[in-house]
Amino acid sequence: MSALRILLPLLLLLPVAVACGGGGGEKAAATDKYEVRGEVKDVGGEGDAARATIAHEEIPTFKDRKGREVGMKPMQMAFGIGSGVDRAVLAKGNKVELVVEVDWSREPALMITSAKALPADTALKL
Ligand SMILES: [Cu+2]
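What counts and what doesn't
Residues numbered from 1 in each chain as written. Predicted model: local features only at pLDDT ≥ 70, side-chain atom pairs only at ≥ 80, totals over all residues. pLDDT = per-residue confidence, 0-100. Contact = placed C-beta atoms within 7 Å. Pairing = 2+ DSSP bridges. Helix = DSSP H or I, 4+ residues; strand = E, 2+ residues; numbered from the N terminus. Axes fitted to C-alpha atoms, helices over the stretch in contact; angles between N-to-C directions.

Peer 1: Help me understand the confidence of the model for the protein in this model?
Peer 2: Detail in the predicted coordinates should be disregarded across regions flagged by low pLDDT. Per-residue pLDDT for the protein has a mean of 86; in total, 76% of the residues score no lower than 70. When the criterion is pLDDT under 50, residues 16-26 qualifies, and its contacts beyond four places in sequence or with other chains add up to seven contacts.

Peer 1: Hey, could you run me through the sheet that holds strand β1 (residues 32-44) in this one?
Peer 2: Strand pairing in a sheet relies on backbone hydrogen bonds. The paired strands run either parallel or antiparallel. Strand order in the closed barrel formed by five strands is β1-β2-β3-β5-β4, with mixed pairing between adjacent strands. Ignoring strand direction, the axes of neighbouring strands in this sheet form an average angle of 55 degrees. Relative to strand β5 (residues 110-117), strand β4 (residues 95-102) runs antiparallel, the two being bridged by seven bridges. When the bridges of β5 are listed, Leu-98 appears paired with Ala-115.

Peer 1: Would you mind showing me how to read the pairing of strand β3 (residues 75-81) here?
Peer 2: Taken residue by residue, a regular strand's side chains alternate between the two faces of the sheet. Judged from the six bridges that link them, strand β2 (residues 51-56) and β3 form a sheet pairing that is antiparallel. Paired with Ala-55 across the bridge in β3 is Gln-76. Relative to β5, β3 runs parallel, the two being bridged by two bridges. Bridging from a neighbouring strand, Ile-81 pairs with Ile-112 of β5.

As structure tokens, then:
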């Protein structure tokens, strides 16, 4: 019973330690994550150099590198492509729903970590 009393708080702290571990940035902010829809304008490169240029809808809750919620208007911009993303979904002209993770200590800061195809007739506010 006493072993559990010691172990349990440690187990509860573990996810916090993991969340603050990566990055090596000046502050231990958690990675921000956004869901955003858009249209693929261009895609290329492999591995760390892989980029997708997306015309994306507004991201109203987007936080800048100081953690201020400034939002992001609809625009066209390049994103990194995470290793687990299905590249077939990110074909030029496709409409997509993305999960984008932001880590300001990394280049590129904005990385697509999930991509799902939307029907071609999806109306986007771009
Ligand atoms: Cu943008």
